Amino acid sequence: MAAGTLYTYPDNFRAAKALIAAQYAKANVKVAPNFVFGETNKTPEFTKKFPSGKVPAFEASNGKYLQDSNAIAYYVANEQLRGKNEYDTAQILQWIGFAEGEILPAGCAWVFPILGIIKNNAGAQEAFQRAKDDMRASLTILNSHLLTRTYLVGERITLADIVVACNLLNPYKYVLDPDYRKPFTNVNRWFVTLVNQPEFKAVLGEVVLCTKQAQAATGEQEAENYNIGDKDTNSLDRNSKRTSKAKRKKTRNKRRNRRNLKKETPKKAKELEPAEELDAADAALAEEPKSKDPFDSLPKGTFNVDDFKRFYSNEEESKSIPYFWEKFDPQNYSIWYCEYKYPQELAKVFMSCNLITGMFQRLDKMRKQAFASVCLFGEDNNSTISGIWFWRGQELAFPLSPDWQIDYESYDWKKLDPTDENTKKLVEQYFSWTGTDKDGRKFNQGKIFK
Amino acid sequence: MVANLQYLQNLSSYLKVKIEKPRYNEDSLCTCIVNGKIISGLSNIIAALLTESKSNLSGITSLENAEIQQWVEYGIVYVTHIYNNSQNLSLILKELNGILSRKTYLVSHKLTIADVLLYYILLNAMVSLPILEKEKYINVSRWFDNLQQENSLRQSKSFINFSTNYLISVAPARH
């Protein structure tokens, strides 16, 4: 039985294939902890094992390496999933080909602009319409196949079901609204049956089918009109009157969705091969302007952030903190204290740490002109997150770029006066990773944004 | 009525739980001994078999178990009468066909005793169902075909042919 480690970012529908297959085969497949998309998979160690740097990637415990979600799923599967005879296996391959060649391109062209993974543009309507038509054609084929069959191959769940269902996951969640999917009774029945199997649920959680078709936001309003988050909120509002909670959920959903899409962006951009079905996506990608450093609009000042970071990394805090105060330019830079708004939701320490590092990662482009030390205090199920930041400018930096607005609303921000003694104390505490939070919880872990 | 004892035998061997002295008592109720206890009434016996078998054919939530109970009663009260006249059969098949168009299994998303019982009750009817009727009740056919793949469920009986060359896929009806 295959055992090993899977490298992926969270909620990756491709990785889900391998994880579900492993659930069925009871294979011991672990997701690599601390995997940071865009960092871990760019390291020489990673690309040595997996030359493309793509995820999911699988490192078997016997030292074998595999790339491509379908290949990994096949490897960690069992006999039932792989097909009980050559013909069944061949049919499974046929459906995997269908999932990758027919369903996925249409699904991506439709869903990605909505998720913001690729930008929506003026010419997109035509592309959307074509994606919808292509999807309809694929679903029609599936629907007539599933009229007389419960599962795709051999009347029992196989890799074919896992792969096709995972490729349909995002469409079913975001765009296949009740009207659109109505004619595809058999596909709907099959899909709902699958995502409710314990092995699927263990990986995917509760899958809620789309109730209202999400629309792609146009141009600059993208950040404002985040339809998916909004849609979830509406249903939450209906279901529960706890609007404040719903509102919070909204920002969280928004955050989560945006987080996913940000993580997927580089990967998807790379993966979109110049297939004909995807020319709309390519066009959208090509039109995306080269991003500039949002800090460029602010005066540079005298403070060399890079220099401080180097000093901080190489020297003891007893030297680097005085160095900071010596070099810091209060005219053009500001110091901020942040505190996570929902400490009661923090459970496991490692998850909270992922929350911090995830935020850092999403703020990648901010690194040049900012620095932070964010600390976790307390232990599992009783912890808080707070930190000290500084960046160029006197205002909250996050509104400068739409890319930076995913996490910051989950934190309370307080600007600190650089001349105040208390500020000095806080800076010292956070830069040297010591002390407690305001309720006396002990320092547990710190993360540096540099 | 004698058929009910047959369904009991089927279930008993599928669940691998022995029943002793299956018979009809003076009130014409199905009666037998399960694990030393005398139990009367088909649905009571099924419940006892299920408990004894430690199979995972029950529901998970109490709602699911209530639904299962409902289907078992439906099976005993209505479906067993399909052999009395042909009209009953088409009524039942029509009803099931509608329900199974949206569901893979009768209750929840897994095989339960409800599916198994209805399989055994419907078995003889399905054997003699003409191909055109199988096609008419396509959702029942698909469900039945999926169930019969399990050898322990089918027992020694041969597969019922649900040819995949349905007319509907050759010449789809246009509505």
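Residues numbered from 1 in each chain as written. Chains lettered and ligands numbered in written order. Predicted model: local features only at pLDDT ≥ 70, side-chain atom pairs only at ≥ 80, totals over all residues. Heavy atoms only, no water.

- Looking at an unreviewed UniProt entry, one finds chain B named Nuclear-export cofactor Arc1-like N-terminal domain-containing protein and attributed to Molorchus minor.

- As recorded in an unreviewed UniProt entry, chain A goes by the name Elongation factor 1-gamma, listed as coming from Molorchus minor.

**Looking at the overall build of chain A**
- Regarding its fold elements, chain A presents 18 helices and 9 strands.
- Counting across all 450 residues of chain A, residues that qualify as buried make up 52%.
- In chain A, the share of contacts with a sequence separation of at least 24, taken over all contacts with a separation of at least 6, comes to 73%.
- For chain A, the exposed area adds up to about 21100 Å²; of that, 49% sits on carbon and sulfur atoms. (Helix = DSSP H or I, 4+ residues; strand = E, 2+ residues; numbered from the N terminus. Buried < 20%, exposed > 50% of the residue type's maximum accessible area, 1.4 Å probe, protein only. Contact = heavy atoms within 4.5 Å. Areas by Shrake-Rupley, 256 points an atom, 1.4 Å probe, with all protein chains shown as cover.)

**Considerations on the packing of aromatic side chains**
All names here are of chain A.
- Considering all chains together, one arrives at 60 aromatic pairs over all chains under this definition.
- On the numbers, 5.6 Å between centres and 70° between planes, the contact of Trp-389 with Trp-413 is edge-to-face. Separated by 24 residues along the polypeptide, Trp-389 in strand E7 (residues 382-392) and Trp-413 in strand E8 (residues 411-416) bring together distant segments of the chain.
- Under the relative-accessibility criterion, Trp-389 is labelled buried at 0%.
- Between the aromatic rings of Trp-433 and Phe-443, the centroid separation amounts to 5.9 Å while the plane-to-plane angle is 25°, which identifies the pairing as stacked. Placement of Trp-433 in the loop between helix H18 (421-431) and strand E9 (443-449) and of Phe-443 in strand E9 is noted, with a sequence separation of 10 residues between them.
- The class for Trp-433 is partly exposed, based on a relative accessible area of 33%. (Phe/Tyr/Trp six-rings, centres within 6.5 Å; stacked < 30°, edge-to-face > 60°.)

**A few points about the packing of helix H6 (residues 124-145) of chain A against helix H10 (residues 185-195) of chain A**
Residues and elements named next belong to chain A.
- Taken N-terminus to C-terminus, the directions of H6 and H10 make an angle of 80°; their axes are 7 Å apart at the nearest point. One finds that H6 runs roughly perpendicular with respect to H10. From H6, Leu-139, Leu-142 and Asn-143 reach across to H10, where they touch Thr-185, Asn-186 and Val-187.
- Classifying every residue of the contact of H6 with H10 by side-chain character gives 3 nonpolar, 3 polar and no charged. (Axes fitted to C-alpha atoms, helices over the stretch in contact; angles between N-to-C directions. Parallel < 35°, antiparallel > 145°, perpendicular 65-115°, else oblique. Nonpolar A, V, L, I, M, F, W, Y, C, P; charged D, E, K, R; others polar.)

**Concerning helix H15 (residues 305-314) of chain A**
All names here are of chain A.
- When H15 is considered as a whole, its buried residues turn out to be Val-305, Phe-308, Lys-309 and Tyr-312. Buried residues of H15, viewed axially, fall in a sector of 100°; they line one side. Opposite the buried face of H15, by more than 90 degrees, sit the exposed residues Arg-310 and Asn-314.
- Buried positions along H15 lie against helix H16 (317-327), strand E5 (333-340), strand E6 (370-379), E7, H18 and E9.
- Two to three positions downstream of the cap, the backbone nitrogen of Asp-306 sits 3.1 Å from a side-chain oxygen, assigning the N-cap of H15 to Asn-304. (Arc of directions from axis to C-beta. Polar contact = N/O pair within 3.5 Å; in protein donor to acceptor, adjacent residues only side chain to side chain.)

**Here we look at the pattern of salt bridges**
Residue and element names in this part refer to chain A.
- This model, assessed by the stated rule, comprises 11 salt bridges over all chains.
- A salt bridge links Glu-59 to Lys-49; the nearest nitrogen and oxygen atoms lie 3.0 Å apart. Of this pair, Glu-59 sits in strand E3 (residues 57-60) while Lys-49 sits in helix H2 (residues 44-49), placing them 10 residues apart in sequence.
- A salt bridge links Asp-380 to Lys-348, with the shortest nitrogen-to-oxygen separation between them at 3.7 Å. Here Asp-380, found in the loop between E6 and E7, pairs with Lys-348, found in the loop between E5 and helix H17 (349-362); they are 32 residues apart in sequence, far enough to count as distant.
- One salt-bridge network, in which partners are shared between bridges, spans Glu-39, Asp-364 and Arg-367. (Salt bridge = Lys/Arg side-chain N within 4 Å of Asp/Glu carboxyl O.)

**Describing the sheet that holds E9(A)**
All names here are of chain A.
- One open sheet holds the 5 strands; their spatial order is E8-E5-E7-E6-E9, and the pairing between them is antiparallel. The strands lining the two open edges of the sheet, one partner per strand, are E8 and E9. Pairs of neighbouring strands in the sheet enclose a mean axial angle of 20°, with direction left out of account.
- Of the strand pairs in this sheet, E6 and E9 are connected by 6 bridges, and their pairing is antiparallel. (Pairing = 2+ DSSP bridges.)

**Some thoughts on the interface of chain A and chain B**
- Of the residues lining the interface, 15 residues belong to chain A; the matching set on chain B comes to 18 residues.
- Summing the contributions of chain A and of chain B, the shared interface buries around 1400 Å²; its carbon and sulfur component is 53%.
- Ranking the residues of chain A by area buried against chain B places Leu147(A), Thr148(A) and Arg189(A) at the top, with a combined share of 39%.
- Run the count over chain A and chain B and you get 0 salt bridges.
- Our enumeration of links across chain A and chain B arrives at 8 residue pairs in polar contact (both at pLDDT 80 or more).
- Across the side of chain A that touches chain B, the residue classes break down as 4 nonpolar, 7 polar and 4 charged. (Buried area = accessible area lost by both parts, 1.4 Å probe.)

**Quick notes on the sheet that holds strand E2 (residues 30-34) of chain B**
Residue and element names in this part refer to chain B.
- Read from one edge of the open sheet, 3 strands run E1-E2-E3, paired in antiparallel fashion. In the strand order of this sheet, the two ends are held by strand E1 (19-24) and strand E3 (37-40), each with one partner. Averaged over neighbouring strand pairs, the angle between their axes works out to 20° when direction is ignored.
- Inspection of the sheet shows E2 paired to E3 by 4 bridges, in the antiparallel sense. Note on E3: the bridge partner recorded for Thr-31 is Ser-40.
- Those strands touched by helix H2 (residues 42-53) are E1, E2 and E3, and its axis lies near 20° from that of E2.

**Quick word on empty space enclosed by the protein**
Residues and elements named next belong to chain A.
- Inspection of every chain in the model, using the stated rule, returns 3 cavities of 30 Å³ or more.
- The calculated volume of the second largest cavity comes to roughly 80 Å³.
- Lining the second largest cavity are Phe-13, Leu-104, Gly-107, Cys-108, Val-111, Phe-112, Cys-166, Asn-167, Leu-169, Asn-170 and Pro-171.
- Contributions of two or more residues to the lining of the second largest cavity are made by helix H5 (86-115), helix H7 (159-167) and helix H8 (169-174).
- In terms of residue count, the dominant contributor to the lining of the second largest cavity is H5 (5 residues).
- A class-by-class count of the residues in the lining of the second largest cavity yields 8 nonpolar, 3 polar and no charged. (1 Å grid on protein atoms, 1.4 Å probe; cavity = no way out; pocket = protein on both sides within 12 Å on 5 of 7 lines; lining within 4 Å. Points joined across faces, edges and corners; volume = space filled by probe spheres on them.)

**A few points about the pairing of E2(B)**
All names here are of chain B.
- For E2, a buried count of 5 out of 5 residues is recorded, marking the element as mostly surrounded by other parts of the structure.
- By the bridge criterion, 4 bridges tie E1 to E2 in an arrangement that is antiparallel. Bridge pairing in E2 links Glu-20 to Ile-33.
- Counted along the chain from E2 to the antiparallel partner E3, the turn is 2 residues long, and its residue Asn-35 has a positive phi close to 50°.

**Let's talk about the nonpolar core**
- Counting 130 residues, the largest nonpolar core has Leu142(A), Leu168(A), Trp190(A), Phe191(A), Leu96(B) and Ile113(B) as its most contacted members.
- Residue contributions to this core reach at least three from each of two domains, namely domain 1 (1-55) and domain 2 (56-157) of chain B.
- With sequence-adjacent residues up to four places away left out, Ile113(B) is seen in contact with Leu11(B), Leu15(B), Ile46(B), Leu50(B), Leu57(B), Ile68(B) and Val72(B).
- Counting 28 residues, the second largest nonpolar core, distinct from the first, contains Phe295(A), Cys338(A), Ile385(A) and Ala397(A). (Core = buried A, V, L, I, M, F, W, Y, C linked by side-chain atoms within 4.5 Å. Domains from an automatic or database assignment.)

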